[in-house]
Amino acid sequence: MAAMENSQKKRAVPIPCEHQIVTKKAKMPLSTGKSNNENDEVDRLRRFFETKTINDILGGKDKNIHKSNHDSKGEAIVSLDEDLTVAKALQILHNKRISSAPVFKNTRKKDGVTKEFWGFIDAGVVLRHLCKECKLTERPEDIVITPEGQLQNPDEILKKGIRSFWKRKVKDVCGMDATLIPKFLANMNVKELMTEMLFDRSSLPIHRVAIFSETTITGIVSQSDVIRFIDTHAEELGEILDHTIENFGLYDRNGSVVTINSDMLALEAFDVMFQENLSCVGIVDDSGRLVGNLSVSDLQGLHANYLSAAATLGLRIVEFLRIKNFMQKSGPVDINETLPELRAIAVRKEMLFRELLALISAKRVHRAFIIDNDSKPLGVITLSDIIRSLCEKCMYR
């Protein structure tokens, strides 16, 4: 987580939206003074969250639920040794198609070597360290900015920063974006999971819950797992899911979206995310129309050779995503007719909440951009937003 020559600008084509036409009649907005029917809907939602447990999400009852941080067969948790390099760790995360992994430290004891949990490595942690290593935010004297606001010498900056960072051990860069609970608490209900474990005391999101037994991580439940679990049981939740995204409180008319121009260099784009404390930004063309999405997970799978990684990060963002996706042979999440390698999920504010859950679950993404009729971004919906809105509907928060 060489410089590109100026290329001819492409004609912008609006991103196609899979659900431009709402397939079911949307319900009226959820009002403050609830009718009996609305109270019944909320009660049904509450009963679901209060009777389902963390073990249910892990697959004890629902074998079809994908479990975070497991291999392709869902058989074992992927963990990393403390002495792995950052470059190797990012490759493993990409190859296993996971966003994070626990790191274990080898501790020598009288009876041999034991592994102790040390923390988590994920793309967000890598991004923070990478931007600090390359010192873009400090703008040292050797960094020259062109009149167009771009780096004049990205190659040298990247080579210096990435050369040392790529060799760093994961134990030195891992963090703790997780709530740790003992195995016997895995029978807690989903309400407690969403309200007490996936948000901290300041209501900031926590992206995963790790279940441990002694010094071993036995299970991980991520925000994605919660969303997929709810989508799988959507029929049990009834008509409350038939409100629109806007009525569900997921669209703020006064909100804004942080975007970057498609001509920006990749590392500069990642630096914007670092400065704004974001996990993603929208990519727009010169007309302001959404043409793609860049997230911290795009750091995963970068070449283990620091020179190759530096060369890739020194490209303009469009070329960075094209080359990276080609090398990884990973298909796009959604297809834009002109830029098929740039991934973005685009929805309208009139989409039903039920349809949003199904789309995010099926595409295995962490966010969806709300666009207008001109494909200009109006907002972005994250998994944290969805979980928070469900808690608010149940008046848990």
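For the structure, check the block above.
Residues numbered from 1 in each chain as written. Predicted model: local features only at pLDDT ≥ 70, side-chain atom pairs only at ≥ 80, totals over all residues. Heavy atoms only, no water.

Caption draft 1: Seen up close, the environment of Asp225. Counting through the fold element by element, Asp225 comes out in helix H7 (residues 223-232). Between the C-alpha atoms of Asp225 and Ser361, which are 136 residues apart in sequence, the distance is 8.9 Å. (Helix = DSSP H or I, 4+ residues; strand = E, 2+ residues; numbered from the N terminus.)

Caption draft 2: Spotlight on unusual backbone geometry. The phi dihedral of Asn277 is positive, around 55 degrees, even though this residue is not glycine. By the secondary structure assignment, Asn277 is in the loop between helix H9 (266-276) and strand S8 (280-284). Judged by relative accessible area, Asn277 falls into the exposed class, the value being 66%. A positive phi angle, near 55 degrees, is found at Arg364, a position not held by glycine. One can find Arg364 in the loop between helix H12 (353-363) and strand S11 (367-371). (Buried < 20%, exposed > 50% of the residue type's maximum accessible area, 1.4 Å probe, protein only.)

Caption draft 3: Looking closely at the environment of Ala362. Among the structural elements, Ala362 can be located in helix H12. Note on Ala362: relative accessible area 61%, which makes it exposed. Spatially, the C-alpha atom of Ala362 lies 8.5 Å from that of Arg228, the residues being 134 residues apart in sequence.

Caption draft 4: Expanded view of helix H13 (residues 383-393). By the criterion of burial, H13 is predominantly enclosed, with 8 of the 11 residues buried. Listed as buried for H13 are Leu383, Ser384, Ile386, Ile387, Ser389, Leu390, Cys391 and Lys393. Looking one or two residues past H13, Met395 carries a phi angle of roughly 60 degrees, positive in sign.

Caption draft 5: Representation of the sheet that holds strand S3 (residues 112-122) in the model. With mixed pairing, 3 strands are arranged side by side in an open sheet as S1-S2-S3. Where the open sheet ends on each side, the last strands, each with one partner, are strand S1 (80-81) and S3. Bridging between S1 and strand S2 (residues 100-109) involves 2 bridges; their strand directions are parallel. Following the sheet pairing, Leu80 is matched in S2 by Val103. (Pairing = 2+ DSSP bridges.)

Functional significance is not addressed by these values, which are geometric in nature.
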